[in-house]
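One letter stands for each residue in the lines below.
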Amino acid sequence: MNKYKELKKRHEQEFSALPLKFAFGPKQFDEMMKEWQLDPEQDLDKICTVGYGGYIQIKDADNFIQTQRRHNKELKDAIAEDKTGGGFIYEMFYYELCNHEYGYTRNAESTLDALGYTYNDLLKDERLMCGFEKAINKIIREDNEQ
């Protein structure tokens, strides 16, 4: 199985288990606060935003931060362990290129954005470029076989 996909799935499961809630308007915000048994006007000092409409209680913030840091380190370490770009890095690019519909668009910008890379980053690291090119070539071969 794709090691990147396995890591991503585990990270998603761990992230989903965090006591995180989302609110995209005043009504949802009030409902969220009530679920936490907090007053939507008086207990604002007991919550913090994590962006994108997400909130967490201050008491859980350290766990949230530590989980994010661990996930970032695990991804960074897995990339660093791939000395050629033909293993984890390739699997990472292949998964994300497919996820961002490279086969249809032939545009990798959204994939690179999602992974936090630019084309210049690929040019500076032959492992990244190797994995990226290998993934693109596989997608093109698969499309040609259909």
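**Student:** Describe the overall build of the chain, naming the residues involved and giving the relevant values.
**Tutor:** Helix and strand content of the chain: 8 helices and 3 strands. Starting at the N terminus and ending at the C terminus, the chain contains elements arranged as α-β-α-β-β-α-α-α-α-α-α. Relative to the globule expectation of 15 Å for 146 residues, the C-alpha radius of gyration of the chain, 19 Å, shows a markedly less compact shape. Its C-alpha atoms give the chain principal-axis dimensions of roughly 60 × 30 × 30 Å. Expressed as a percentage of the 146 residues in the chain, the buried residues total 37%. Within the chain, contacts between residues at least 6 apart in sequence are counted, and of these 56% link residues at least 24 apart. Carbon and sulfur atoms make up 49% of the accessible area of the chain, which amounts to about 9600 Å² in all. Charge separation in the chain, taken as the distance between the mean sites of 21 positive and 28 negative side-chain charges, equals 4 Å.

**Student:** I'd like a description of the environment of G131, backed by residues and values.
**Tutor:** As for its placement among the helices and strands, G131 is situated in helix α8 (residues 126-145). Sequence separation of G131 and D82 is 49 residues, and the distance between their C-alpha atoms is 9.7 Å. Once you skip the residues sitting within four places of it in the chain, G131 turns out to touch G85, I89, Y90 and F93.

**Student:** Help me get a handle on the sheet that holds strand β1 (residues 20-22), residues and values and all.
**Tutor:** Read from one edge to the other, the open sheet built from 3 strands follows the order β1-β3-β2, with strand pairing classed as antiparallel. A single partner strand is all that each edge strand has here, and the edge strands are β1 and β2 (47-51). With strand direction ignored, the average angle separating the axes of adjacent strands in the sheet is 35 degrees. Pairing of β1 with strand β3 (residues 54-57), which is carried by 3 bridges, proceeds in the antiparallel orientation. By the bridge assignment for β3, L20 is matched with I56.

**Student:** Can you tell me about the nonpolar core, naming the residues and giving the values?
**Tutor:** Nonpolar side chains in soluble globular proteins tend to be buried together. M92, F93, L97, Y117, L122 and F132 are the most contacted members of the largest nonpolar core, which has 23 residues in total. Counting only elements with at least two residues in this core, the list comes to α1 (3-16), α3 (61-81), α4 (88-99), α6 (109-115) and α8. Among the elements that take part in this core, α4 stands out by supplying 7 residues, more than any other. Ignoring sequence-local partners within four residues, the contact set of F132 consists of F93, L97, A108, L112, Y119 and L122. Listed in part, the 8 residues of the second largest apolar core include M32, M33, I47 and Y55.

**Student:** Go over the pattern of salt bridges, please, and point to the residues and values.
**Tutor:** For the coordinates displayed, the defined rule picks out 13 salt bridges. Between D43 and K46 there is a salt bridge; the shortest N-O distance is 3.4 Å. For D43, a relative accessible area of 13% gives the class buried. Residue R127 pairs with D125 through a salt bridge whose shortest N-O separation is 3.1 Å. Salt bridges sharing partners connect three or more residues here, namely R10, E14, R70 and E74.

Calculation criteria
Residues numbered from 1 in each chain as written. Predicted model: local features only at pLDDT ≥ 70, side-chain atom pairs only at ≥ 80, totals over all residues. Heavy atoms only, no water. Helix = DSSP H or I, 4+ residues; strand = E, 2+ residues; numbered from the N terminus. Rg over C-alpha atoms; globule rule 2.2 N^0.38 Å. Buried < 20%, exposed > 50% of the residue type's maximum accessible area, 1.4 Å probe, protein only. Contact = heavy atoms within 4.5 Å. Areas by Shrake-Rupley, 256 points an atom, 1.4 Å probe, with all protein chains shown as cover. Lys, Arg positive; Asp, Glu negative; His and termini not counted. Charge placed at Lys NZ, Arg CZ, Asp CG, Glu CD. Pairing = 2+ DSSP bridges. Axes fitted to C-alpha atoms, helices over the stretch in contact; angles between N-to-C directions. Core = buried A, V, L, I, M, F, W, Y, C linked by side-chain atoms within 4.5 Å. Salt bridge = Lys/Arg side-chain N within 4 Å of Asp/Glu carboxyl O.

The values are spatial; any link to function lies outside them.
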